[in-house]
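Here's the letter readout for the chains.
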Amino acid sequence: MNKKLNIGLIGFGVVGEGVYQVLLNTPSLQATIKKIAIKHPDKKRQAPSDLFTTDVNELLYDDDIHVIVELIDDADVAYKIVKMALQQKKQVVSANKKMIAYHLPELIALQQEYDVSLLYEAAVCGSIPIIRNLEEYFDTDLLNAISGIVNGSTNFILTQIKEKDLRFEEALTLAQQLGFAESNPALDVEGIDAVNKLSILLKHTFGIDALPTELLHKGITQISSSDAQYASEKGYEIKLVANAFRISEHEVVSYVMPQFIKSRHQLCQVKNEYNGVLLSSTLADEQFLYGKGAGRYPTSSAVLSDISALRYGYRYEYKKSKQEKKYSLSNDFLLSVYVSYADGALIRMTDFECVREKYTGANGHYLIGDIRLADLLNASWIHDTGVSLIELRDAGNGK
Ligand code: HSE
């Protein structure tokens, strides 16, 4: 690749503008943004107007542009652009977790067919180098589990509610103002962003191709003040955790769910927009990666790292998919859960293998019991308004 890198930037939102500013102020990177494609030409922007175009083809068909950096949030448009960029034999950096989660097998095939690289460290856990870690460091080690806080906005909201006594809506508004939340924040608070990231992690941890729609996700919108009170009485905090762990030689269980976590646990130290990922492997035992998971500059940091990796021709090799041992997803796993509800009629009790505790009080009702993941996946009641579902276990090493 040329000494000087010309970049075509798609999108000039929170992260796009961050990448622009950092590249401008870091001449040692020898990377210049040649053109920026945007949707709304009339918006006022802090960059020379001749850099901007509304025609993405100006970037995709410019032979002088070597790298396309795609930072828009419309996953369908992003998919079309990234596909065309790869077909034009351009290297691509993207932060679009939904687009990657839904198209990864095809994007991998395109990289091979056109002999180019697509890097997306910024798509999972912002500034934490988790994908490169899984790709490179854990090449030969046997990974057993990955669990973590992978969405900065929900963690920010939960922290603000607990520590600053903010209401859910106030905390969400703040997360939006600080540039942590998605344009549609329902993606954050309903656990959809987290499950998109989990789908990508499954590929790099266990070589599993799983669409986000195959994985259970439950967000934080239904967590009530009585759930928070229960947590604090028992010495827990509530965190939204993405999980994937081996339950047998070839089977992996994976889901996103709020979880009660003991206050001494590492994940409890992860506050606000920080993310934290626990890896468990046979040789290394447990490792904990921690860093900012959302926001302009932490995310820009991961984008820059990818741009810089392209200089030496770096590519993901997807080694876990090529190993002899193949893993598949299993939903045959018993989870211990706490379920609170406004009305007992909302819950299908027959879904539970056992109910160990049931409480009815003036402030709300809850039960504690065991339920199979397969039954939870089929239980539409877990998504009803007034139903809160929180896993009860120590986070970390799978079971
Ligand atoms: N909305 C995302 C989050 C941005 O809060 O984690 C980073 O992916």
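The shown structure was predicted, so the numbers you read here are calculated from the model rather than taken from an experiment.

*Asks:* Which residues make up the packing of helix H4 (residues 97–114) against helix H9 (residues 192–206), and what values go with them?
*Replies:* At their nearest, the axes of H4 and H9 sit 7 Å apart, and the two run at 30° to each other. Classified by the interaxial angle, the pair formed by H4 and H9 is roughly parallel. Our pair here, H4 against H9, has a crossing hand that is left-handed. Two secondary-structure elements touch here, H4 through Lys97, Lys98, Ile100, Ala101, Tyr102, Leu104 and Ile108 and H9 through Asp193, Asn196, Lys197, Ser199, Ile200 and Lys203. Tallied by class, the residues present in the contact of H4 with H9 amount to six nonpolar, two polar and five charged.

*Asks:* Requested: an account of the side chain of Thr53, with residues and values cited.
*Replies:* Here Thr53 shows up in strand S3 (residues 52–53). A relative accessible area of 7% places Thr53 in the buried class. Apart from the residues within four sequence positions on either side, Thr53 is in contact with Lys35, Ile36, Ala37, Ile38, Glu58 and Leu59.

*Asks:* Could you give an account of the site of the ligand, with specific residues and numbers?
*Replies:* Near the ligand you find Lys97, Asn151, Gly152, Ser153, Phe180, Ala181, Glu182, Asp188, Asp193, Lys197, Gly293 and Ala294, and these make up its full shell. In this structure, an oxygen atom belonging to the ligand sits 2.7 Å away from a side-chain N or O atom of Ser153. Asp188 is positioned with one of its side-chain polar atoms (N or O) 2.8 Å from a nitrogen atom of the ligand. Compared with its free state, where it exposes 250 Å², the ligand has 92% of that area covered by protein. Contributions of two or more residues to the shell around the ligand are made by helix H6 (152–164) and H9. For the shell around the ligand, the per-class residue count stands at three nonpolar, four polar and five charged.

*Asks:* Account for helix H11 (residues 296–311), naming residues and giving values.
*Replies:* Between its terminal C-alpha atoms H11 stretches 23 Å, which fits the 22 Å expected from 16 residues at 1.5 Å a residue. Those residues of H11 that sit buried are Pro298, Thr299, Ser300, Ala302, Val303, Leu304, Asp306, Ile307, Ala309 and Leu310. Gly313 lies just past H11 and shows a positive phi near 70°.

*Asks:* Provide a residue-level description of the packing of aromatic side chains, including the pertinent values.
*Replies:* Enumeration over the complete set of coordinates arrives at 21 aromatic pairs. Judged by centre distance (4.9 Å) and plane angle (5°), the rings of Tyr274 and Tyr290 are stacked. Residue Tyr274 is found in strand S11 (residues 274–281), and its partner Tyr290 is found in strand S12 (residues 285–292); the two are separated by 16 residues along the sequence. Ring centres of Tyr316 and Tyr318 lie 6.0 Å apart, and the angle between their planes is 85°; on these two criteria the pair is classed as edge-to-face. For the pair shown, Tyr316 and Tyr318 are each scored as buried. The residue whose ring lies beneath Arg45 is Phe52, and the NZ or CZ to ring-centre distance is 5.5 Å. Its end group placed over the ring of Tyr314, Arg132 keeps NZ or CZ at 5.4 Å from the ring centre.

*Asks:* Tell me what's going on with the environment of Asp375, and back it up with residues and numbers.
*Replies:* Tracing the backbone through its elements, the reader meets Asp375 in helix H13 (residues 373–378). Residue Asp375 is classed as partly exposed on the basis of its relative accessible area of 21%. In sequence terms Asp375 and Leu334 are 41 residues apart; their C-alpha atoms lie 9.5 Å from each other. Those residues in contact with Asp375 that lie beyond four places of it in its chain are Asp351 and Glu353.

*Asks:* Residue-level account of the state of the cysteines, with values.
*Replies:* Tallied over the entire structure, the rule returns zero disulfides. Distance from the sulfur of Cys268, which forms no disulfide, to the nearest cysteine sulfur (Cys125) is 17 Å.

*Asks:* Account for the sheet that holds strand S1 (residues 5–10), with residues named and values stated.
*Replies:* Strands pair in a sheet through their backbones, by hydrogen bonds, and they do so in one of two ways: parallel or antiparallel. Within the open sheet, the six strands sit side by side as S3-S2-S1-S4-S5-S6. Their pairing is parallel. Either end of the sheet is taken by a strand with one partner, and the two such strands are S3 and strand S6 (118–119). One ladder, built from two bridges, connects strand S2 (residues 31–37) with S3; its direction is parallel. Across the sheet, the residue bridging to Ala37 is Thr53, located in S3. In the packing of helix H1 (residues 14–25) onto the sheet, contacts are made with S1 and S2, and the angle to S2 comes to roughly 150°. Its contacts with the sheet put H11 on S1, S2, strand S4 (67–70), strand S5 (91–94) and S6, and the angle it makes with S5 is roughly 165°.

*Asks:* Provide a residue-level description of the environment of Leu304, including the pertinent values.
*Replies:* Note on placement: Leu304 falls in helix H11. Note on Leu304: relative accessible area 13%, which makes it buried. Residues Leu304 and Arg264 lie 40 residues apart in sequence; the distance between their C-alpha atoms is 34 Å. Each residue touching Leu304, except ones within four places of it in the same chain, is listed here: Val22, Leu23 and Leu29.

*Asks:* If you had to explain the nonpolar core to someone new, which residues and values would you point to?
*Replies:* In terms of nonpolar packing, the biggest core is built from 93 residues, with Ile36, Val69, Tyr120, Ile130, Leu279, Val303 and Ile307 touching the most fellow members. Core analysis: the next-biggest nonpolar cluster, separate from the first, contains 22 residues, Tyr341, Phe352, Leu373 and Ile382 among them.

*Asks:* I'd like to hear about the confidence of the model for the protein, residue by residue, with values.
*Replies:* Per-residue pLDDT for the protein averages 95, and the proportion of residues at 70 or more is 98%. For residues 395–399, every residue scores under 50 in pLDDT, and the model assigns this stretch 18 contacts once sequence neighbours within four places are set aside.

Reading the values: rules and limits
- Residues numbered from 1 in each chain as written.
- Predicted model: local features only at pLDDT ≥ 70, side-chain atom pairs only at ≥ 80, totals over all residues.
- Heavy atoms only, no water.
- Axes fitted to C-alpha atoms, helices over the stretch in contact; angles between N-to-C directions.
- Helix = DSSP H or I, 4+ residues; strand = E, 2+ residues; numbered from the N terminus.
- Parallel < 35°, antiparallel > 145°, perpendicular 65-115°, else oblique.
- Left-handed = near helix turned anticlockwise from the far one by under 90°.
- Contact = heavy atoms within 4.5 Å.
- Nonpolar A, V, L, I, M, F, W, Y, C, P; charged D, E, K, R; others polar.
- Buried < 20%, exposed > 50% of the residue type's maximum accessible area, 1.4 Å probe, protein only.
- Near = heavy atom within 4 Å.
- Polar contact = N/O pair within 3.5 Å; in protein donor to acceptor, adjacent residues only side chain to side chain.
- Areas by Shrake-Rupley, 256 points an atom, 1.4 Å probe, with all protein chains shown as cover.
- Expected span 1.5 Å × (residues − 1).
- Phe/Tyr/Trp six-rings, centres within 6.5 Å; stacked < 30°, edge-to-face > 60°.
- Lys NZ or Arg CZ within 6 Å of the ring centre and 35° of its normal.
- Disulfide = S-S within 2.5 Å.
- Pairing = 2+ DSSP bridges.
- Core = buried A, V, L, I, M, F, W, Y, C linked by side-chain atoms within 4.5 Å.
- pLDDT = per-residue confidence, 0-100.

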